[in-house]
Each structure stands twice: as structure tokens, then as C-alpha cells.
Amino acid sequence: MIKLTGVVKRYRGRSVTANAVDGIDLDIPEGKLVTLLGPSGCGKTTTLRLIAGLERADSGVIEIGGQVVSDPARRIYVGPHRRPIGIVFQSYAIWPHMTVLQNVMFPLVASRPRTPKDKARPLAMAALDSVGLTEFADRPAPALSGGQQQRVALARALVRQPKVLLLDEPLSNLDKGLRGRMRDEIREVQQRLGITTVFVTHDQDEALAISDDVVVMNTGNVVERGLPQAIYTSPQDEFTARFLGLSNNLRGVVESAGRNGALVNCGKRSLLCRGLANAAPGDEVSLFMRPESFRLSRRRHSDDAWPGTVVFSIYHGDCWDYHVRVDEDVLKVRVYQEKIGLSHGDAVFLEPDADSTIVITGDRSATGSDQPAPDHAEV
Amino acid sequence: MALLVDETATAPAEAPPRRRDWRQLLDPRYLTLAVAALVVAYLALVPIGTMVYSSLRTNFLGLGPGTWTFRNYIDTFTSDGFGTLVLNSFVYAGATAIVCTVIGFLLAWLVARTNTPGKGFARVAALVPLIVPGILNTVAWSLLLSPQRGTANAGLRHLGLPAFNVFSLHGMIFVQSMHVVPIAYLMGVAAFASMDSSLEEASLASGASPWTTFRVITLRMARPAMLSAGLLMFIQTISTFEVPQLIGVPGRRFVFVSRIYSALQTFPPDYGTVGCIGIFVLVIAAVGLWMSRRMSATTAVQTITGKGFRATGQDIGKWRWAGFAFFVLFFLVAVALPILMLIWSSLLPGFQQPSAEALHQLTFSNYAEIFRRPGLVNSVKNSFITAVAAGVIVTVLAALVAYITVKTRLRGRGLLDGLATVPIAVPSVVMGVGILYWYLAAPLPFHLYGTLAILIVAFVTITLPYGMRYIVPGMAQIKDELEEAATASGAGWWQAFRRIFVPLLMPSLLAAFLYAMIVSFREVSAAIFLYSSGTEVVSIQIFDLFSNGSYPVVAALGVVLVLFLSILAGGVRLLTRRFGIRNG
């Protein structure tokens, strides 16, 4: 439905080395919700604005529904008002001088072909109905709360039945409780209408919860793309792993590889990582471990356990966070056991969970986005 | 003294029932603040009060006793030509307001919201007329466009076009517009810069064409700001002196301001009529200002939205070259032409058209002449004394008032804040006449009329609101804890004020001081009623010399003045930029 090929966007006046969008290839299939996920400045919003036509690409081709809407090489550029899109902005961009209904009717009466007012009104009311705001139709728009403005923006984006729905961090201005509800509502509407949707966010939980497909971006490039669960459980790239909160990172060298997996040595410790079949002894790898994947105890339960010392502890109510020094590394460990109550200086033993440890080989992380499908790195 | 009773002193429930220690009122803190508050109240209310009084008295400033009467109003409003006077004034101010709002907002939109080339240049060009005093702008344009000898008219005739007679209502509108466009431009920039561009993008993404978006969203969103700016231009225009006097009077077009001046020039002066017209203008200005405030207040809340705010330039395609042409045209007409005219005439012994022969006569003798004329040197000295004195007084006063309104809970602080902004609503002409009347009529133990002090009083009153505008935001930025920490360290109030607030506020204070100086140097509308022989300031000298036809010396003096004011304005800009003072 949406296809980007080698799209580049430069911002004038910035250093030449960093393009806002640096030759992106992206294919978004019909009816799917694809999330662009990344830290601020990674180019995700610019990509969205390029699809909308609010920014002009410097090179590359953008297609929507088979129609080329932007190709600077062939001097093709279709303005945003001629593209079959609906967009929801981070700030909602509800026009304050109109009522709610006027806001939602606007796309119908302003775009070509124009819808006559008598037909536009019921359509707009139907759109308002789908977001549950019928009774607010004649209110002045600024009189609404944040969540309601958000819904108006969604109704306005959908009212002329666009082929593509673009959402630019639509939830980040809402408070926490409302955010989850709106997120589910957006997903529900999207699936009901089966509309192709691009969702931009910097929040990994949002991205994992809502998407058919997650595209991780950094410095104007696609780092990695995959199903939410694949991205979460087996990221292919160090950047993705870090961005998704895999805070414990150890460097290691493959000692031996066999059918059962590879034995990876990190300093004085070693760990058997299954599934790393194609590794050869001597390969440098990166290990990522989630804080909650360790077993922590005062006594040594197995020979694989690593001895360490607690340097720092934080009590969260439902869990404890400990910073444990293991030789020269400090590992973050989370324990969901209230009674454990360790304190500074206690000697402990850490048992890493080999099954949930993620191994990323050195050459892979260097090559960045050219990743094969994520199916064999899981351990 | 009701202003200065601390609410918190009586607030705690366990405190002994309402017993105020009289010594508390002698606290230097309260004394200082009380004096500042009284001075502000005096400055703000006296001119208006005197004006009202004079309009309601028979025989005001006369020898015999007077009585209360409405006669002045009845006579003034029913006199021959009052209808024409009102019509002329409204057409003049209304048309000027429309012209400069359109030009100013167009410039602002091009600069703030589009990708028109040459924005930096336009930004500077649009602000230059702000530095050139109105009196010089008027002088330059009457040299350029006088029907027979005007340089620009000679050029027009050369091209076979009809000459433009500046001494007409059109001429007044044109010259005044060229002068006040920057204010409209600044308000436009503020309006467009605070408008979230996703509002326009949402419209484009809804399928509206760029033109529809501009009409239905951009213009509609800017409308309150435009109306508000238009009203301010209207007030500014209806209350200033230079253009009506130097351009309107030769063309026999009288408006309120020039009517007031001529009524005071006749013998015996018609104080009653002046009072009535003054009150009339004051009411117009107050109502206009009130409406303008209301409109801009509603927009400010509405257009600025939440976090995802961005104001980006819109691509307007080929139209950007039309925009660029507009920049260039504006620069040539509003900036280059008058300034070049001043420079040119300052370099020639007598007024003549630019030509090859004239080039051979170029001379700096006019600049030397400035120092040779005793009256001129004296007026420069007077301007310096009054501007510096006004600057210092305004800065100190505004700092104290800002402290009361921002940092204390004293009862009546809102009223005080209001009083300090009252002078904005008082047209400078009314201010001048009101102050003149007060110091002529009031039974005071000292005589200010005929001294520089009366000019200083006028300049302080006129610039006080601007001083507040620089200092209040700066004061609001200083956290209360900083003063509390000083007090907790054993510093008295005055010491805390001097050692904490003054150093932290220094950039704002300096900016306020320089700005008050600039305004004082340019001010003519009030000074024209208050000077006497020996207390002329530079702007008055320019007016006098020009009326006598000494164009070359006026031009030379003007060039020097513009250079000097540019340096001061550069100082203000540097300060506001570096220290991020927001001046509203």
C-alpha cells in the first residue's frame, strides 16, 4: 500500500553527514498497522511527514496505493491535499475557531471531489459516532479535554475514508491511564476498518502492543523490522536490544561451538548459548540479558552461578532492583520476591538464564539494517 | 497607604486580633514601596485628571473664578467643522491602520511561515523604520514628495507619471503607514510564530488546497491578532503629532492632534476646547486599547497548543519570488528612500535634486553647522539630560513596582500594576497637555514649567509601561527562594533587593533603561507642549528648524540622531538576545 524506495531527506543548515532520513526502503502492506519506533531525532516523524507530503523528499520514490506521489528524479510531487491520507498530530491540531463538527466536516467540504454539505453532515456525525463523541458535535473545539480532542482528530482523519492513516505520536500528550485506553481504541478502529496505518512512537510498550509490524529506526535508517514478539524476544541488532530495555550487556568470545549451541566466554565466566549453531570458535559476540532473567540467591545452587556483591538496591513495592558487581561488570537484576531484602555489600550468586539470553554476533551489529529474517538467533 | 498593608501579616489565625504595629509601616521596605506606588499613581492619574477638570470648567487658567460647566463640550461638539475634524481623523487613522496591518502581516507571514528567500534581510528592513524617529520620517517624506520640489516627484515626472501630493489625506496616510508598519509586523510575527503549523498541515492532509488552507485556517486564525494590531495602529496614529502637523496642516487637513495644537497656539488659548478634544481622543484610545487587549488575549490562549508544537516554513512554490519582490519593494520605499534622502540633503549646502552637478557640491559643512548653532548644541545637551534622567527614574520605578506586583502579596498590587500601564492608553498629546495644565494651574510650592524637569516628568510617564514590560517578565523568572535564602542569611529587605534582584535583573534593567532613552529621544507629541525657550530637546529643534526651512541642517542632525539611536537599539537587542528577555 505504501512503498518507499531509497528515500532521502536532508535538512539544510545541518551538517552534511547526518541526513534526517537516509535512504529508507519501506514497504507497508495493505490493512496493516506498522509502527516506526525509535528515539527522538531518529527520522521516524520525518518519514511519516514524507509519506503525508508535508515534507519534500530530496530523492527516492514514494508510492501510495500504487500511485507514485513523490519522485524528485522525475519531478513528481503530489501535495498533501491530493494524497489519500488522514493524519493525527501529536498536538491534535484541532482548529480552535471551529466547532467539533466543523472540524470533522472540514476534510469532506474542503477536499476534491467536494461533498455537498447536506451529505457531509451525516458522514461527519457517523465519524463522531465511531469515536463516541456525538453529543459534543456543537461544542467549540477548545472546550474539549485532551482525550476528547484526540478522538476528534481521529474522526477527522478517518472521515473521508482515506487509504492511509498516519499517526504522529498521538498518545504522548495524554496521561498514563488514558494512553492505554486510547491505544486500544485506535487499534480497534484500525482493525475494524482494515485501514493501512503508520504509527510513529518512541514508546516501546506502545509499539509492541499495537503493531502488526515494528520498524526500529535510528539516525535516519531502518535498523530492524519484524513482528512485535520477534523484535522483543530476539532483536538482531545491539541498538534494538538497548532501546528495548535490555540493560545488561556483556562482551564475549565463542569458546567452542557444537550442535547444542556455543559456549561463550565473558571474562572469567562462561555461558552455554543454544542455537548459536553457525558460530565458530573465536567469534566475538555481544550478550544481552534482561534484569528479570537472572536467578539471584545467597547460596550457590549450581556450578554455573556467578558470584557477586550487591552495590545498590531499590525497592519498588512489587519487586527489588539490585545492582550486582560481578568482577568488573555491574549487572542490573530485578527480583519479584519481596522477602529477599538484600542490602549493600551482601555476597550473592547470580544464575543467568541461558534461554532468554540474546546473542548478537559482532559483524551483524556492524552491518546495521541488512538483516535476514529473525528466526535463528533466539537461544 | 492602603496599598501597603501586608495581607500575610494578618492572615495567621493564632495571631492576636488585628493589631498593626505602626512601626511596621516605617519599615524601609514599606516606605520605599509606598513612595514608588504613590509616584506611579501621581504620574498616571494627574494628567488625565487635569484634562477632565479643564474640560469641565469655565475660564480654566483664566484670571477670574471659574465654575463647573458642560459648555465646553457643547460648544466643541457643535462647532463648525467638528464633523469634518472627526471624519478626517477617523479616515486618517483608520486607513493607516488598515494599510499597515495588511503590509505588516503580509511581511510577517512571509518571514515567519514561508520559504521566501531573503528573510534575514526582510527582518532587519522591517525594523529599521522603528529606529528612525517619526519626525525624521515625516521630514524625509515631505522632502521626497512635496508637490513641486519633491525629489521622488521629480523622478515620477521624469517617468511620465503624475506627481504625488503628499500634503493631503492620502499623503498623511502613506507617510504614517511607512512609519508604523514595523509595529504591525512585530505583532504579526508574534501571532504567526505562536500558531502551531500542524493546524495548517491538518488542513492540507484533509485535502484542502494551499489557498483554501491560507484563507480558511491561516487568515482565520490570525484574524484576532490582525484586528488587535489594527486597533493599536489606529490609537498610535490618532494620537501622534508629527504627520498631522508637518504634512496635514500645509494641506489644510486638520485632525484632532493638529486641532489641539492650533487651539493652544491662538491667543488667548482655547483651553476648554483642547480639554474636550483631548478627552474625546483619550476615550477613543482607551476603548480601542481595551478591545485590542481582549482580542489578543483570546488568541494567545487558543493558538498555542501542546507539546508537539512546531512552526515551520511552508513551501509556497513560485510565489516565493513574488514574496521576495515584495521584500525588495518594501525595503526600497520604506527604508532606503527616506534614509538616502536624509543623507543626500545633509551633504548639500542647500536643498536640490540629485544630479551630477550637485555631486560636486557635496560638503560636510552641515554637520559642522550642528556644533556652531548654540541652540542646537543646547538641545542635544537637553535631550541627553532628559533621556538619561527619564531612563534612570523609569528603571528604578519599574523595578520597584514590578517587585510589588510580582513578588509580594500586598493588597492593591493589581491596581498598582494597572496604574503603571495606564499611560499606554493616554495619547502622548493628551499626556503633554495634561501635564502642561497641571503644572500651570496646580497650587504647587515649586514651578516646573519652563524647566527640563517637566519634560522628564512627561518622558517618565510615557515610558513607564515599556519599562514594566521589560522588567516584569525578568522579575517573574527569579525564583522566590533566592530572596528567601538571602533573608534567611540575615540580609534585610533592601539588601536582598540590591544584592539579589538588581544583579540578576541587570540585563532587563539595562534594556528598560536604553529603551526609555530611545523613546525619550524620539518623543515629540508631548514635548511640543512642554518645552519653552532654552529647554528645547533635539526632536523639537528638528521640528522648529524644519518649519523654518533649514532642511540641510535638519537632515544632518537627523543622520547623527539615527546613528546614535541605532547604537542604543543595537544595545537593547544584544541584551534581549543574550539574556533571553522576552519583551511582549
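Residues numbered from 1 in each chain as written. Chains lettered and ligands numbered in written order. Predicted model: local features only at pLDDT ≥ 70, side-chain atom pairs only at ≥ 80, totals over all residues. Heavy atoms only, no water.

> Quick rundown of the overall build of chain A? Include the residues and the values.
Helices and strands together make up the secondary structure of chain A, namely 9 helices and 21 strands. Oriented by its inertia axes, the alpha-carbon framework of chain A measures out at about 80 × 50 × 40 Å. The 379 residues of chain A split such that 53% are buried. Relative to all contacts within chain A whose residues are 6 or more apart in sequence, the contacts with residues 24 or more apart total 64%. About 17100 Å² of surface is accessible on chain A, with carbon and sulfur atoms providing 48% of the total. In chain A, 46 side chains carry a positive charge and 46 a negative one; their mean positions are 8 Å apart. (Helix = DSSP H or I, 4+ residues; strand = E, 2+ residues; numbered from the N terminus. Buried < 20%, exposed > 50% of the residue type's maximum accessible area, 1.4 Å probe, protein only. Contact = heavy atoms within 4.5 Å. Areas by Shrake-Rupley, 256 points an atom, 1.4 Å probe, with all protein chains shown as cover. Lys, Arg positive; Asp, Glu negative; His and termini not counted. Charge placed at Lys NZ, Arg CZ, Asp CG, Glu CD.)

> Can you break down the confidence of the model for chain B residue by residue, with the values?
Residues and elements named next belong to chain B. Averaged over all residues, the pLDDT of chain B is 84; the fraction at 70 or higher stands at 91%. The secondary structure element of chain B with the lowest average pLDDT is helix 1 (residues 7–10), at 41, and the one with the highest is helix 5 (residues 82–113), at 93. Low pLDDT, under 50, characterises residues 300–310; the predicted model gives this stretch 26 contacts beyond four residues in sequence or across chains. Scored as a complex, the prediction yields pTM 0.76 and ipTM 0.72. (pLDDT = per-residue confidence, 0-100.)

> Outline the pattern of salt bridges, supporting the account with residue identities and numerical values.
Under the defined criterion, the tally for this structure stands at 19 salt bridges over all chains. In this structure, A:Arg334 and A:Asp321 form a salt bridge, with 2.8 Å as the shortest nitrogen-oxygen distance. Linking A:Arg334 in strand 19 (residues 329–335) with A:Asp321 in strand 18 (residues 320–326), this pair joins segments that are 13 residues apart in sequence. Judged by its relative accessible area of 26%, A:Arg334 falls in the partly exposed class. When the shortest N-O distance is used, the salt bridge between B:Asp75 and B:Arg71 registers 3.2 Å. With B:Asp75 and B:Arg71 both in helix 4 (residues 71–78), this residue pair falls 4 residues apart, about one helical turn. Using a relative accessible area of 39% as the deciding quantity, one classes B:Asp75 as partly exposed. A single network of salt bridges, built from pairs that share partners, joins A:Lys9, A:Arg49, A:Glu55 and B:Glu201. (Salt bridge = Lys/Arg side-chain N within 4 Å of Asp/Glu carboxyl O.)

> With reference to specific residues and values, describe the side chain of B:Arg57.
Assignment of secondary structure puts B:Arg57 in the loop between helix 3 (28–55) and helix 4. Polar contacts involving the side chain of B:Arg57 include one to the side chain of B:Tyr53, which spans 3.2 Å. (Polar contact = N/O pair within 3.5 Å; in protein donor to acceptor, adjacent residues only side chain to side chain.)

> Talk me through the packing of aromatic side chains; I want residue IDs and the actual numbers.
Inspection of every chain in the model, using the stated rule, returns 37 aromatic pairs over all chains. Taking the centre distance of 5.4 Å and the plane angle of 90° together, the rings of B:Tyr53 and B:Trp68 count as edge-to-face. Highlighted residues: B:Tyr53 in helix 3 and B:Trp68 in the loop between helix 3 and helix 4, separated in sequence by 15 residues. By way of ring pairs, the aromatic residues B:Phe70, B:Tyr73, B:Phe77, B:Phe82, B:Phe256 and B:Phe280 are connected into one cluster. If you follow A:Arg56 out to its NZ or CZ, it ends over the ring of A:Tyr77, 3.9 Å from the centre. (Phe/Tyr/Trp six-rings, centres within 6.5 Å; stacked < 30°, edge-to-face > 60°. Lys NZ or Arg CZ within 6 Å of the ring centre and 35° of its normal.)

> Got a sec to walk through helix 6 (residues 119–131) of chain B? Specific residues and values, please.
Residue and element names in this part refer to chain B. End to end, helix 6 covers 19 Å across 13 residues, agreeing with the expected 18 Å (1.5 Å per residue, within 8%). Among all positions of helix 6, only Ala122, Ala125, Ala126, Val128 and Pro129 are buried. Viewed end-on, helix 6 has its buried residues packed into an arc of 145°, placing them on one side of the element. Those residues of helix 6 that are buried lie in contact with helix 5, helix 9 (169–193) and helix 15 (319–346). (Expected span 1.5 Å × (residues − 1). Arc of directions from axis to C-beta.)

> Break down a positive patch on the surface for me, with residues and values.
On the surface, a cluster of positive charge is contributed by A:Arg82, A:Arg112, A:Arg114 and B:Arg215. Mapped onto the elements, A:Arg112 comes out in the loop between helix 2 (100–110) and helix 3 (117–130). Among the residues examined, A:Arg112 registers a relative accessible area of 59% and is labelled exposed. (Patch = residues over 30% accessible without salt bridge, like charges linked within 9 Å, V, L, I, M, F, W, Y side chains within 5 Å.)

> Outline the interface of chain A and chain B, supporting the account with residue identities and numerical values.
The accessible area lost on association of the parts is a frequent measure of interface size. On the side of chain B, 25 residues touch chain A, which itself brings 27 residues to the contact. Across the interface of chain A and chain B, roughly 2200 Å² is buried in total on both sides, 61% from carbon and sulfur atoms. Run the count over chain A and chain B and you get 1 salt bridge. The residue B:Glu201 makes a salt bridge to A:Arg49 at a minimum N-O spacing of 2.6 Å. Viewed at the interface, chain B and chain A are joined by 7 residue pairs in polar contact (both at pLDDT 80 or more). Taken together, the elements giving at least two residues each to the side of chain A that touches chain B come down to helix 1 (44–52), strand 7 (85–88) and helix 2 of chain A. The greatest single-element share of the side of chain A that touches chain B, amounting to 3 residues, is contributed by helix 2 of chain A. Class assignment of the residues belonging to the side of chain A that touches chain B gives a composition of 13 nonpolar, 8 polar and 6 charged. (Buried area = accessible area lost by both parts, 1.4 Å probe. Nonpolar A, V, L, I, M, F, W, Y, C, P; charged D, E, K, R; others polar.)

> Could you give an account of the nonpolar core, with specific residues and numbers?
Counting residues in hydrophobic clusters, the biggest one holds 213 residues, and the most contacted among them are A:Leu166, B:Val433 and B:Ile542. With sequence-adjacent residues up to four places away left out, B:Ile542 is seen in contact with B:Ile135, B:Leu136, B:Val139, B:Val554, B:Leu557 and B:Leu561. Within the second largest apolar cluster, 37 residues are counted, among which are A:Met105, A:Ala120, A:Ala124 and A:Val159. (Core = buried A, V, L, I, M, F, W, Y, C linked by side-chain atoms within 4.5 Å.)

> Tell me about the packing of helix 22 (residues 480–488) of chain B against helix 23 (residues 493–522) of chain B, residues and numbers included.
Residues and elements named next belong to chain B. Two elements in contact, helix 22 and helix 23, have axes whose closest approach is 9 Å; the angle formed by their N-to-C orientations is 140°. Classified by the interaxial angle, the pair formed by helix 22 and helix 23 is oblique. Crossing angle aside, the handedness with which helix 22 passes helix 23 is right-handed. Of helix 23, the residues touching helix 22 (which contributes Leu482, Glu483 and Ala486) are Trp493, Ala496, Ile500, Phe501 and Leu504. Taken together, the residues of the contact of helix 22 with helix 23 break down into 7 nonpolar, no polar and 1 charged. (Axes fitted to C-alpha atoms, helices over the stretch in contact; angles between N-to-C directions. Parallel < 35°, antiparallel > 145°, perpendicular 65-115°, else oblique. Left-handed = near helix turned anticlockwise from the far one by under 90°.)

> With reference to specific residues and values, describe the sheet that holds strand 19 of chain A.
All names here are of chain A. With antiparallel pairing, the 5 strands of this open sheet are ordered in space as 16-20-17-18-19. Looking at strand neighbours, the two that pair on one side only are strand 16 (295–297) and strand 19, the edges of this open sheet. Taken over all neighbouring pairs, the strand axes of this sheet differ in orientation by 40° on average, direction set aside. Bridge count for strand 17 (residues 306–315) against strand 18 is 6 bridges, and the pairing is antiparallel. Bridge assignment links tyrosine 315 to a residue of strand 18, and that residue is tryptophan 320. (Pairing = 2+ DSSP bridges.)

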